[in-house]
Amino acid sequence: MKFFSTGSSRALVDLRTAVLTGMPRDGGLYLPVEIPRLPATWIEERKADTLLEVSRRVAELFFRDDLPPARIADLVGDAINFPAPLVELAPGIRVLELFHGPTLAFKDFGARFMARLMAHLVKDDSRKLNVLVATSGDTGGAVANGFFGVEGINVLVLYPAGKVSKIQEKQIATPGGNITPIRVKGTFDDCQRLVKRALSDPVLAGSVRMTSANSINISRLIPQIFYYVWIFFQLPRRREIKIAVSVPSGNLGNLTAGLMAQKMGLPVIRWMAATNINDSLVRYLNSGRYQPRPSVPTISNAMDVGDPSNFQRILELYGHRHRGIIRDIQGRAYTDGETRQALGELYRSYRYIGDPHGAVAYQGLRDLMNGDPRIEEGIFLETAHPAKFPETVEQVIPERVSLPSRLNRIMNQPIRSVNLSCRFTDFRDLLTSSSLYR
Ligand SMILES: *Cc1c(COP(=O)(O)O)cnc(C)c1O
């Protein structure tokens, strides 16, 4: 499979280059030249019993030119070793639970798959590969977990000091080994800027081999397509169902993967991009003008993104036509107060304990369905386990949310982060001064 850049360059690259460089030099992002179609019989017959089987079949459509089937099956089997159930809350309202992976967030899908694909692609190289990742919360833990112990790869996780939850920081900063946690004095956008600059810095390019693990890496997006297709295999078998999906959105990787699934032939009639008050996409949808703003902290902190990087991919998927985009996607932004109300309503109406991100998506789905009577099945994505946000959730609902026991273990381990200012030269010095990264 070949990839092109959404930037100005016309050159095509292969899978290895797209995955290992992460980002093209022209500042764009990679997308597959051709998005494969789902065979029509899949959707009609819907014969598959497990997420794993669906994932393997989707992965084959993308990787069959580059990897043998047995290798694809290994990668997928190793990465997607947890379920993603579609839970019915009421007739026509369902939640796709994406938090059953090792770090309790949907980012386990992308991070675990990417780690294994990269390890496969560098297995014969002599130089170390440094994977840089900026995180607003959940990406860091998922990437640290996904790459921990992977031969030939170092991971540097940059996160904003004081702006991630305690559990998130533990997940990022306790593994040790080939994972270096970096606590940046600044915001997520500062972390992202440092990573982007490092990747395009000519001095560093000569001495340190680097790539990115943000949702800008195409190998993180593709495995997120798996669970959108899996939604279909879990729905009741009817000839035609009018489906709408609400996605809690930050950097827009999750939404982009959904739109790619739709391009593959998944019959979704409407998308809701539900955000917190970091609403650059929503304002674009409403006005046709994209005006990013610095991010503001909220209780759904993994969506505190002021300038979502995957926006470029969405524009590209629609040929930059605002009309086409708003035909498929509606956007709504919610305050923390509205998010808390949605958490409360989920609990009162369905005894369902959501997390702040899923609650934003739930509210988005309600508003979408109220305005569009065609929708027969509404699905919202629950992207994190509520126990990752106990303070917020327990303020709203009268129950304690407990952490699965496998997470209790890391809560007792020490944080080992490196502190860093948000000046690029300090980050560059760190990268060039240590032999670890060469
Ligand atoms: C990262 C994240 C999001 C936002 O996903 P994007 O792909 O960045 O839009 C939503 N919810 C949770 C829990 C997350 O970790």
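Model, not experiment: these values are computed from the prediction.

**As for the state of the cysteines**
Two cysteines form a disulfide when their sulfur atoms are joined by a covalent bond. All chains considered together, the criterion is met by zero disulfides. The thiol sulfur of C191 is not disulfide-bonded, and the nearest other cysteine sulfur, from C422, lies at 8.6 Å.

**Focus: the packing of aromatic side chains**
One pass over the structure, following the stated rule, counts 11 aromatic pairs. Seen in terms of ring centroids, Y227 and Y228 are 5.2 Å apart; in terms of plane orientation they differ by 35°. Their pairing is tilted. With relative accessibility at 0%, the residue Y227 sits in the buried group. Residue Y228 is classed as buried on the basis of its relative accessible area, which comes to 1%.

**Thoughts on the nonpolar core**
Counting residues in each nonpolar core, the largest one holds 100 residues, and the members touching the most others are F63, F147, Y228, L255 and I329. Among the elements that take part in this core, helix α10 (residues 218-234) stands out by supplying 12 residues, more than any other. Inspection of this core shows a minimum of three residues originating in each of domain 1 (81-105 + 219-394) and domain 2 (108-217 + 411-437). The contacts of L255, once residues within four sequence positions are left out, are Y228, V247, S249, W271, A273, L281, I314 and I329. Ranked by size, the runner-up nonpolar core spans 29 residues in total, among them M303, Y352, L368 and F389.

**Points about the pattern of salt bridges**
This structure, assessed with the given rule, holds 15 salt bridges. The salt bridge partner of E53 is R57, with a shortest N-O separation of 3.4 Å. Here E53 and its partner R57 are both found in helix α3 (residues 51-63), four residues apart, which amounts to about one turn of the helix. Linking R400 and E394 is a salt bridge whose minimum nitrogen-to-oxygen distance equals 3.6 Å. What makes E394 partly exposed here is its relative accessible area of 25%. Among the charged side chains, a salt-bridge network with shared partners connects R16, D125 and R209.

**Considerations on the sheet that holds strand β8 (residues 210-212)**
Pairing is parallel in the open sheet, where five strands are placed in the order β8-β5-β6-β7-β13. At either end of the open sheet lies a strand with only one pairing partner, and these are β8 and β13 (418-420). In this sheet, adjacent strand axes meet at a mean angle of 25° when their direction is disregarded. Here strand β5 (residues 129-134) runs beside strand β6 (residues 153-160); their pairing, made up of six bridges, is parallel. Across the sheet, the residue bridging to N130 is N154, located in β6. On top of the sheet, helix α5 (residues 107-121) reaches β5, β6 and β8; it is set at about 155° to β8, its chief contact.

**Side note on helix α6 (residues 138-147)**
Burial runs high along α6: nine of the 10 residues are buried. Contact partners of the buried residues in α6: α5, β5, β6, α7 (166-173), β7 (179-184) and α10. In the segment just after α6, G149 is the residue with positive phi, at about 80°.

**Things to note about the side chain of S249**
Structurally, S249 is set in the loop between β9 (243-248) and α11 (253-264). There is a polar contact of 3.0 Å between the side chain of S249 and the backbone oxygen of V247. Not counting residues up to four positions away in its chain, the partners in contact with S249 are L255, A273, A274, T275 and M303.

**A closer look at the packing of α3 against helix α4 (residues 69-79)**
Closest axis-to-axis distance for the α3/α4 pair is 9 Å, and the angle between their directions is 130°. What the angle tells us is that α3 and α4 run oblique. Once α3 is placed against α4, the crossing between them reads as right-handed. Contact residues: L52, S55, R56, A59, E60 and F63 in α3; P69, I72, A73, V76 and G77 in α4. Residue composition of the contact of α3 with α4, by class: seven nonpolar, two polar and two charged.

**Notes on the site of the ligand**
Near the ligand there are 15 residues, and of these K107, D138, G250, L252 and T383 occur at the shortest range. One of the backbone nitrogen or oxygen atoms of G250 is found 2.7 Å away from an oxygen atom of the ligand. For the ligand, an oxygen atom lies 2.8 Å from a polar atom in the backbone of L252. If the ligand stood free it would expose 380 Å²; the protein chains cover 97% of that surface. Its atoms largely coinciding with the cavity grid, the ligand occupies the largest cavity. A per-class count over the shell around the ligand returns six nonpolar, seven polar and two charged.

**What to know about the domain arrangement of the protein chain**
Here the domain parsing of the protein chain yields domain 1 (81-105 + 219-394) and domain 2 (108-217 + 411-437). For domain 1 and domain 2, the distance between their C-alpha centres works out to 26 Å. In this assembly, 33 residues from domain 1 lie in contact with 31 residues from domain 2. At the boundary of domain 1 with domain 2, total buried surface from both sides reaches about 2600 Å², with 51% on carbon and sulfur atoms. It is S219, R220 and K388 that lose the most area in domain 1 upon contact with domain 2, and together they represent 27% of the buried surface on that side. Across the contact surface, domain 1 and domain 2 share 13 residue pairs in polar contact (both at pLDDT 80 or more).

Conventions used here
- Residues numbered from 1 in each chain as written.
- Predicted model: local features only at pLDDT ≥ 70, side-chain atom pairs only at ≥ 80, totals over all residues.
- Heavy atoms only, no water.
- Disulfide = S-S within 2.5 Å.
- Phe/Tyr/Trp six-rings, centres within 6.5 Å; stacked < 30°, edge-to-face > 60°.
- Buried < 20%, exposed > 50% of the residue type's maximum accessible area, 1.4 Å probe, protein only.
- Core = buried A, V, L, I, M, F, W, Y, C linked by side-chain atoms within 4.5 Å.
- Helix = DSSP H or I, 4+ residues; strand = E, 2+ residues; numbered from the N terminus.
- Domains from an automatic or database assignment.
- Contact = heavy atoms within 4.5 Å.
- Salt bridge = Lys/Arg side-chain N within 4 Å of Asp/Glu carboxyl O.
- Pairing = 2+ DSSP bridges.
- Axes fitted to C-alpha atoms, helices over the stretch in contact; angles between N-to-C directions.
- Polar contact = N/O pair within 3.5 Å; in protein donor to acceptor, adjacent residues only side chain to side chain.
- Parallel < 35°, antiparallel > 145°, perpendicular 65-115°, else oblique.
- Left-handed = near helix turned anticlockwise from the far one by under 90°.
- Nonpolar A, V, L, I, M, F, W, Y, C, P; charged D, E, K, R; others polar.
- Near = heavy atom within 4 Å.
- Areas by Shrake-Rupley, 256 points an atom, 1.4 Å probe, with all protein chains shown as cover.
- 1 Å grid on protein atoms, 1.4 Å probe; cavity = no way out; pocket = protein on both sides within 12 Å on 5 of 7 lines; lining within 4 Å.
- Sits in = over half its atoms within 2 Å of the grid points.
- Buried area = accessible area lost by both parts, 1.4 Å probe.

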